[in-house]
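# Structural overview for review
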Amino acid sequence: MKTVTITEFRKNLFHMVDEALATGEPIEIKRKGGRVVLRGERESEIERRAEKFDRFMARPTPPGWEGADLSVEALSAGEPYWVWDEEPEPDA
């Protein structure tokens, strides 16, 4: 993995991005004790991930959940989902 400072990266931004895409080797950029890793990714990988996400989102709704509204507004409105009503009975 190639390591550069943020200043060096800024000076050679386009060259380093092209290099990461061409070689696939990650570039570590250091700044104030932290680091960022730049890694090239081919379009086929991006497309594969997008297709996988689309298949996940296209799954049918589980039985019994057809009309369920799972939005944040609907879930946080009204009565709480779970309410503590009493202490549990000890096992004998």
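Refer to the preceding data block for the structure.
Residues numbered from 1 in each chain as written. Predicted model: local features only at pLDDT ≥ 70, side-chain atom pairs only at ≥ 80, totals over all residues. Heavy atoms only, no water.

Bringing the overall build of the chain into the picture now. Assigned secondary structure in the chain consists of four helices and three strands. When the helices and strands of the chain are read in sequence order from the N terminus, they spell out β-α-α-β-β-α-α. Relative to the 2.2 N^0.38 estimate, which gives 12 Å for 92 residues, the radius of gyration of the chain is 25 Å and therefore markedly larger than a compact globule would have. Taken along its principal axes, the extent of the C-alpha atoms in the chain is 65 × 35 × 35 Å. For the chain, with 92 residues in total, the buried portion stands at 9%. When the accessible surface of the chain is split by element, carbon and sulfur atoms take 56% of a total near 8600 Å². (Helix = DSSP H or I, 4+ residues; strand = E, 2+ residues; numbered from the N terminus. Rg over C-alpha atoms; globule rule 2.2 N^0.38 Å. Buried < 20%, exposed > 50% of the residue type's maximum accessible area, 1.4 Å probe, protein only. Areas by Shrake-Rupley, 256 points an atom, 1.4 Å probe, with all protein chains shown as cover.)

What follows covers the sheet that holds strand S3 (residues 34–38). Ordered by their spatial adjacency, three strands build an open sheet running S1-S2-S3, and the pairing between neighbours is mixed. Single-partner strands in this sheet number two, and they are strand S1 (2–5) and S3. Recorded for the sheet is a direction-independent mean angle of 25° between the axes of neighbouring strands. (Pairing = 2+ DSSP bridges. Axes fitted to C-alpha atoms, helices over the stretch in contact; angles between N-to-C directions.)

Here we come to the environment of arginine 31. Turning to its location among the elements, arginine 31 is positioned in strand S2 (residues 27–31). The spatial distance from the C-alpha of arginine 31 to the C-alpha of alanine 77 is 44 Å, given a sequence separation of 46 residues.

So, about the side chain of glutamate 28. When you line up the elements, glutamate 28 lands in strand S2. On the accessibility criterion, glutamate 28 (10% relative accessible area) is buried. At 3.0 Å, the side chain of glutamate 28 and the side chain of arginine 35 are in polar contact. Those residues within four positions of glutamate 28 in sequence are excluded, and the remaining contacts are Met1, Lys2, Thr3, Val4, Arg35, Val36 and Val37. (Polar contact = N/O pair within 3.5 Å; in protein donor to acceptor, adjacent residues only side chain to side chain. Contact = heavy atoms within 4.5 Å.)

Looking now at the pattern of salt bridges. Applying the stated rule across the entire model yields two salt bridges. Between glutamate 19 and lysine 2 there is a salt bridge; the shortest N-O distance is 3.3 Å. Placement of the pair is glutamate 19 in helix H2 (residues 13–23) and lysine 2 in strand S1, with a sequence separation of 17 residues. Residue arginine 35 pairs with glutamate 28 through a salt bridge whose shortest N-O separation is 3.0 Å. On the basis of relative accessible area, arginine 35 is assigned to the exposed category, the value being 52%. (Salt bridge = Lys/Arg side-chain N within 4 Å of Asp/Glu carboxyl O.)

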